[in-house]
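Below, each chain spelled out in residue letters.
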Amino acid sequence: MANKMGYLSCLETVKPVRDAIDVINGKWKLPIIISVMTGNGRFTDIQDSIPGITPKVLAKELKDLEQHQLIKRVVVEDYPVKILYRPEPYAHTLTPIIEALKGWGLNHRKKIFEKD
């Protein structure tokens, strides 16, 4: 019975964590979110801030992040027409997670590269 309870408890944690990871999973999504949240709004600015990303991949990932309501595509009716990307308010709920990952990554890097 205790083993069954542990299994169910594990699932209660794993399922929402998996859902969260599915949204921000991959090599490019977090860098794109971070780029847009730090003020890069134009497609080329986002692309330039993320070394190695191709325009095709960036366009696909931006559409995916827009579907998840993290990024908003804004059309500015001007001449020429401008397309900007802005973080949705919902994207800012990722800030503490990004900061926690950043801290963990810095500590992990120190641990791995620390000389004994």
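So, how was this worked out
Residues numbered from 1 in each chain as written. Predicted model: local features only at pLDDT ≥ 70, side-chain atom pairs only at ≥ 80, totals over all residues. Heavy atoms only, no water. Helix = DSSP H or I, 4+ residues; strand = E, 2+ residues; numbered from the N terminus. Rg over C-alpha atoms; globule rule 2.2 N^0.38 Å. Buried < 20%, exposed > 50% of the residue type's maximum accessible area, 1.4 Å probe, protein only. Contact = heavy atoms within 4.5 Å. Lys, Arg positive; Asp, Glu negative; His and termini not counted. Charge placed at Lys NZ, Arg CZ, Asp CG, Glu CD. pLDDT = per-residue confidence, 0-100. Axes fitted to C-alpha atoms, helices over the stretch in contact; angles between N-to-C directions. Left-handed = near helix turned anticlockwise from the far one by under 90°. Nonpolar A, V, L, I, M, F, W, Y, C, P; charged D, E, K, R; others polar. Pairing = 2+ DSSP bridges.

The name given to the chain in an unreviewed UniProt entry is Transcriptional regulator, HxlR family, and the organism recorded there is Pontibacter akesuensis.

Undergrad: For the overall build of the chain, give the residues involved together with the corresponding values.
TA: Regarding its fold elements, the chain presents 5 helices and 2 strands. A compact globule built from 116 residues should have a C-alpha radius of gyration of about 13 Å, whereas the chain, at 18 Å, is more than 25% larger. Scored against the burial criterion, the 116 residues of the chain give a buried share of 20%. Counting only contacts in the chain whose residues sit at least 6 apart along the sequence, the fraction spanning at least 24 positions is 41%. The distance from the centre of the 18 positive side-chain charges to the centre of the 14 negative ones in the chain is 4 Å.

Undergrad: Describe in detail the confidence of the model for the chain, supporting the description with residues and values.
TA: A residue-level look at the chain finds 91% of positions with pLDDT of 70 or above and a mean pLDDT of 91. Looking over the chain, one finds the lowest element-wise mean pLDDT in helix α1 (residues 2-24), namely 79, and the highest in helix α3 (residues 43-49), namely 98.

Undergrad: Account for the side chain of K29, naming residues and giving values.
TA: With respect to the helices and strands, the residue K29 is situated in helix α2 (residues 29-37). With near-sequence residues (within four places) excluded, K29 lies in contact with V23, I24, E61, D64 and L65.

Undergrad: I'd like a rundown of unusual backbone geometry, residues and numbers included.
TA: For residues that are not glycine, phi is negative in most cases, and the peptide bond is trans in most cases. Note the cis peptide between Y79 and P80, where omega equals -5 degrees. Tracing the backbone shows P80 in the loop between β1 (71-76) and β2 (82-87).

Undergrad: With reference to specific residues and values, describe the packing of α2 against helix α5 (residues 95-113).
TA: Two numbers describe how α2 lies on α5: the axes approach to 12 Å, and their chain directions differ by 115 degrees. Between α2 and α5 the crossing geometry is left-handed. Taking contact as the criterion, the partners of L30, I33, I34 and M37 in α2 are, on α5, T95, I98 and L101. Each residue belonging to the contact of α2 with α5 can be placed in one class, and the counts come to 6 nonpolar, 1 polar and no charged.

Undergrad: Which residues make up the pairing of β1, and what values do they have?
TA: With 6 bridges connecting them, β1 and β2 associate as antiparallel partners. Across the sheet, residue V75 finds its bridge partner in β2, namely I83. Here β1 hands over to β2 after 5 residues, the two strands then running antiparallel side by side.

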